[in-house]
Amino acid sequence: MTEAPWHHRHRVALDVVIAVVFVLLDTGTTLAGGSWWPQRPGPLAWVLLGVQALACSSLVLRRRAPLTVVVVLGLFTLVVTLLIAPAHALTPASAGNVWAPFATVVAAYGPPFHSRDRRVAYVALGLLTFVVARPWEPSATIITLAVLRTAVGPLLALYLDARRRLVLALTERAERAERERHLLAEQARDEERARLAGEMHDVVTHRVSLMVLQAGALRMTATDEATRQAAEDLRAAGCQALDELRDLVGILRRAPEEDTTPTADGLATLVAESTAVGVPVDLVESGDRSLASPVVGRTAYRIVREALTNVRKHAPGARVTVRLRYSEAHLRIDVHNTPPTGRPSAALVGSGSGLGIVTLRQRIELVHGTLRAGPAPDGGFRLEAVLPAYVPTAESAVGA
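These numbers were taken from a predicted model, which means no experiment stands behind them. (Residues numbered from 1 in each chain as written. Predicted model: local features only at pLDDT ≥ 70, side-chain atom pairs only at ≥ 80, totals over all residues. Heavy atoms only, no water.)

It is worth spelling out the nonpolar core at this point. Counting residues in hydrophobic clusters, the biggest one holds 35 residues, and the most contacted among them are Trp36, Leu59 and Leu90. Elements that contribute at least two residues to this core include exactly helix H2 (11-31), helix H3 (43-57), helix H4 (66-84), helix H5 (103-114), helix H6 (118-133) and helix H7 (140-221). By residue number, the principal contributor to this core is H4, which donates seven residues. Setting aside chain neighbours within four positions, we find Leu90 in contact with Trp36, Pro38, Leu44, Ala45, Leu48, Leu83 and Ile84. Ranked by size, the runner-up nonpolar core spans 34 residues in total, among them Leu183, Tyr301, Leu371 and Leu383. (Core = buried A, V, L, I, M, F, W, Y, C linked by side-chain atoms within 4.5 Å. Buried < 20%, exposed > 50% of the residue type's maximum accessible area, 1.4 Å probe, protein only. Helix = DSSP H or I, 4+ residues; strand = E, 2+ residues; numbered from the N terminus. Contact = heavy atoms within 4.5 Å.)

This brings us to the sheet that holds strand E4 (residues 370-375). If you walk across this open sheet you meet the five strands as E1-E2-E3-E5-E4, and the pairing is mixed. Edge positions in the sheet fall to strand E1 (281-286) and E4, since each has one partner strand and no second. Shown here is a sheet whose adjacent strand axes are inclined to one another by a mean of 10 degrees, direction ignored. With six bridges joining them, E4 and strand E5 (residues 381-388) adopt antiparallel strand pairing. Bridging across to E5, Thr370 finds its partner in Val386. This element, helix H9 (residues 267-276), spans E1 and strand E2 (320-326) of the sheet and lies at about 165 degrees to E1. Relative to the sheet, helix H10 (residues 294-314) contacts E1, E2, strand E3 (330-337) and E5, its axis offset from that of E5 by approximately 175 degrees. (Pairing = 2+ DSSP bridges. Axes fitted to C-alpha atoms, helices over the stretch in contact; angles between N-to-C directions.)

Further remarks concern the environment of Leu155. Relative to the helices and strands, Leu155 resides in helix H7. Along the primary structure Leu155 and Tyr109 are separated by 46 residues, whereas in three dimensions their C-alpha atoms are 7.9 Å apart.

Take the side chain of Ser58 next. Here Ser58 lies in the loop between H3 and H4. By relative accessible area, Ser58 is classed as buried at 12%. Apart from the residues within four sequence positions on either side, Ser58 is in contact with Val69 and Val72.

Ala85 connects to Pro86 through a cis peptide bond whose omega is 20 degrees. Here Pro86 lies in the loop between H4 and H5. In this structure, His368 is a non-glycine residue whose phi angle is positive, near 65 degrees. Summarising the element assignment, His368 is placed in the loop between helix H12 (356-366) and E4.

Further remarks concern the packing of aromatic side chains. For the structure shown, the criterion picks out four aromatic pairs. Note on Trp36 and Phe76: the rings are 6.5 Å apart at their centroids and 65 degrees apart in plane angle, and the pair reads as edge-to-face. Highlighted residues: Trp36 in the loop between H2 and H3 and Phe76 in helix H4, separated in sequence by 40 residues. The exposure class assigned to Trp36 is buried, which follows from its relative accessible area of 0%. Among the aromatic residues, those joined into a cluster by ring pairs are Trp36, Trp37, Trp46 and Phe76. Its guanidinium or amino end placed over the ring of Phe102, Arg149 lies 4.3 Å from that ring's centre, counting from NZ or CZ. (Phe/Tyr/Trp six-rings, centres within 6.5 Å; stacked < 30°, edge-to-face > 60°. Lys NZ or Arg CZ within 6 Å of the ring centre and 35° of its normal.)

Okay, structure coming up:
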């Protein structure tokens, strides 16, 4: 993981350095006659110089309290301006200078970038500009310098904020494109596996068909009963293998766009079928079903179907509650059944492969979801799944 830049890891230290730099800069500029410093400084001038240093040091708070820094520097500038005129307590060596310290440039940068309410920030900056520009003593030079001094910071802040938002948007778009690329790669691998399975089916079918034909011929021409029986067993086993291979490869060859599995809209029918065979099911849905993309809807259908199948096999007499909660980010599925009231049928239990949950977990992980399944505290069984609401497909990528 890339380490953050120094100025991001040590923000407080950076603000302290900036405050010290501007305290020294404004103090030096003032003493050099570049601001309000009089030709013959008295006690008041030295006190104001110390107050100016304290006001500039408020830049330490420019991130945490940006409006406070603007108010402090604005009040100092206003006090100096009033002491010069109309109070005439100070007489600057050069009347054509801007009385505000250079720290106002950094202070003006803070409110648009760090303040929560930009309207208040703009009002504060407008008042600061009014005080610095001294429009009651109109001077084109002073007004221009004042506007530049209080406008450069906000304009830079707005630019950096817009740049940050653009970078975040581009980063989010790149992450989404990466997720789509990953899913499209998964789809390409599935299609390649299906193609290889089809080729394997053609090769194996050819060879097994020859074996079946040879076994049938041997059964017809054999002279003893044992050989004829062995040939018949071989022929029957070959025919069964061909049937099973055809069924398996038929599933693998099905292209993704030909997936006929119902989406979440088919859950009501699934629940009705289960209730009709003696497994009462309550379906509870909350949220907008349209938030779930078709791939997610089909996965949800498979989850509920597998859960209800397991209840029929292993928990006769149990009552099932299926809850689905749709949101903009996720689809949450909770299938819970009460403890069984009867003993499961050995024939039904033995008819499964024992890989239903494992296969279901793999399918859920393919769409970056999670699955938890296990006994419930009341003695029943609970299956919980969390799926992303949106999963891109090849069609959505092309359409985009």
